[in-house]
Amino acid sequence: MPTDPKALVCPRCRTTWAETEAPGVCPNDGASLVRAKELAAAQHDPMVGRVLENRYTITARLGSGSMGTVYRAKQHAMGREVAIKILRGDRAIDDSAKARFLREARANSLLASPNTVTVFDFGQSESGEFYLAMELLEGESLGQRLSRIGRIPVPQAVDCARQALRSLSEAHAKGIIHRDLKPDNIFFARMLTSATASNPTDGHEEIVKVLEFGIAKMMRGTE
C-alpha cells in the first residue's frame with residue numbers, strides 16, 4: 001500500500017501514481033482511480049461484501065463524502081455493475097439529510113439527459129441503510145482533472161460547459177434547480193463506443209455527466 005495518502009491507485013490492478021502524474025483512468029483496465037487513503041479505508045469497511053435486500057452485492061469502496069459513501073456493486077437481476085451511494089449512519093437519523101437523499105432520487109428520476117447521471121433505484125435496506133443505485137461511471141471529476149493537470153484546454157472547457165448545460169437545461173425545463181454546481185459535481189465519464197473510421201481502435205469517448213442533485217430546488221409543480 002502506498003504511503004502517500006494523496007497517491008492515486010487503481011482499485012483493480014493496484015497500480016499507483018503520484019497525484020501530479022496520474023492518468024485520467026487506469027490504462028490497464030479503464031477503472032477510475034481512487035486515493036490511497038480511500039483504498040486503505042476500504043480494507044476495513046464492513047459494507048464491502050454485504051448484500052443489500054438480496055439485490056446488490058457490494059464489491060468495493062469508491063469514495064466518501066460528508067453525506068455518504070459510494071461503492072461499486074453488482075446488481076443481481078440485471079447482471080451489471082452499478083454505483084451504490086449509502087447515507088452515512090449518523091446522517092440517517094437526521095430528517096434533513098434523509099430529505100436531501102430522497103430529493104436527489106426524485107430529481108434524477110425526472111431527468112433523462114445523457115449528460116445527467118442515471119439513478120436506477122432508491123430504498124432502505126433491511127438493516128436500515130438508505131441507498132441510491134446509480135450508473136457506474138469510470139473516469140474523473142472536473143475537480144480531479146484540474147488537480148491533476150492544472151488547467152484544461154479552452155476547446156475542452158467549452159465542450160464541458162456545453163454538455164453540462166444540456167443537463168441543466170432539461171432540469172430547468174422540469175422545474176429543478178441544481179444549486180450545487182461545482183467542479184467535483186461535473187464528471188468526465190469514459191464511455192464505451194463502437195469503433196469508427198476516425199477512431200478505429202480506442203472505442204471510447206468522454207461524456208460529461210452532472211452529479212449530485214441532493215440540494216436541488218424542486219419548483220412548484222414538480223413536488
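Quantities reported herein were computed from a predicted structural model and do not represent experimental measurements.

Definitions and cut-offs
Residues numbered from 1 in each chain as written. Predicted model: local features only at pLDDT ≥ 70, side-chain atom pairs only at ≥ 80, totals over all residues. Heavy atoms only, no water. Pairing = 2+ DSSP bridges. Helix = DSSP H or I, 4+ residues; strand = E, 2+ residues; numbered from the N terminus. Disulfide = S-S within 2.5 Å. Buried < 20%, exposed > 50% of the residue type's maximum accessible area, 1.4 Å probe, protein only. Phe/Tyr/Trp six-rings, centres within 6.5 Å; stacked < 30°, edge-to-face > 60°. Contact = heavy atoms within 4.5 Å. Salt bridge = Lys/Arg side-chain N within 4 Å of Asp/Glu carboxyl O. Expected span 1.5 Å × (residues − 1). Arc of directions from axis to C-beta.

Caption draft 1: A look at the sheet that holds strand S2 (residues 16–17). Ordered in space as S2-S1-S3, the 3 strands form an open sheet in which the pairing is antiparallel. Two strands in the sheet have a free side with no partner beyond their single neighbour: S2 and strand S3 (34–35).

Caption draft 2: Molecular detail of the state of the cysteines. For the structure on display, the rule yields 0 disulfides. With no disulfide of its own, Cys-10 lies 3.6 Å from the sulfur of Cys-13, the closest cysteine sulfur. Take Cys-10: its relative accessible area is 0%, and that puts it in the buried class.

Caption draft 3: Expanded view of the packing of aromatic side chains. Evaluated as defined, the whole model comprises 2 aromatic pairs. Between Tyr-56 and Tyr-131, the ring centres sit 5.9 Å apart and the planes meet at 65°, which makes this aromatic pair edge-to-face. Pair noted here: Tyr-56 is in strand S5 (residues 56–64) and Tyr-131 is in strand S9 (residues 130–135), with a separation of 75 residues, a long-range link. Considered together, Tyr-56 and Tyr-131 belong to a single accessibility category, that of buried residues.

Caption draft 4: Highlighting the pairing of strand S8 (residues 119–124). Where S8 lies against S9, 5 bridges are found, and the strand directions are antiparallel. Bridge pairing in S9 places Asp-121 opposite Ala-133. Following S8, the chain reverses through 5 residues before pairing antiparallel with S9; Gly-128 in that reversal takes a positive phi of roughly 105°.

Caption draft 5: Spotlight on the environment of Arg-88. Within the element layout of this structure, Arg-88 appears in the loop between strand S7 (80–87) and helix H2 (95–109). With 43 residues separating them along the chain, Arg-88 and Tyr-131 place their C-alpha atoms 9.6 Å apart. Beyond its immediate sequence surroundings of up to four residues, Arg-88 is in contact with Gly-65, Ser-66, Met-67 and Gly-68.

Caption draft 6: Quick peek at the environment of Leu-110. If you trace the backbone, Leu-110 turns up in the loop between H2 and S8. Sequence separation between Leu-110 and Lys-174 is 64 residues; the distance between their C-alpha atoms is 7.7 Å. Those residues within four positions of Leu-110 in sequence are excluded, and the remaining contacts are Glu-170, Lys-174, Ile-176 and Met-218.

Caption draft 7: Just the sheet that holds S9, in detail. Taken in spatial order, the 6 strands of this open sheet run S4-S5-S6-S7-S9-S8, and their pairing is antiparallel. Edge positions in the sheet fall to strand S4 (51–52) and S8, since each has one partner strand and no second. Relative to S5, S4 is paired through 2 bridges, and the arrangement is antiparallel. The residue of S5 that forms the bridge with Val-51 is Thr-57.

Caption draft 8: Layout of the pattern of salt bridges. As enumerated under the stated definition, the model contains 15 salt bridges in all. Among the ionic pairs, Lys-209 bridges to Glu-135, the shortest N-O distance being 3.0 Å. You can see Lys-209 sitting in strand S13 (residues 204–210) and its partner Glu-135 sitting in strand S9, a full 74 residues away along the chain. Its relative accessible area of 4% is what places Lys-209 among the buried residues. The exposure class assigned to Glu-135 is buried, which follows from its relative accessible area of 14%. Between Glu-140 and Arg-145 there is a salt bridge whose closest N-O contact spans 2.7 Å. For the residue pair Glu-140 and Arg-145, the accessibility class agrees, reading buried in each case. Because the salt bridges share partners, they merge into one network encompassing Glu-140, Arg-145, Arg-148 and Glu-206.

Caption draft 9: Main features of helix H4 (residues 154–173). For H4, with 20 residues, the first-to-last C-alpha span of 28 Å sits near the 28 Å given by 1.5 Å per residue. Of all the positions in H4, only Cys-160, Gln-163, Ala-164, Ser-167, Leu-168, Glu-170 and Ala-171 are classed as buried. The buried residues of H4 occupy an angular sector of 160° when the element is viewed end-on, so they sit on one face. Of the exposed residues in H4, those oriented more than 90 degrees away from the buried face are Val-154, Pro-155, Leu-165 and Ala-173.

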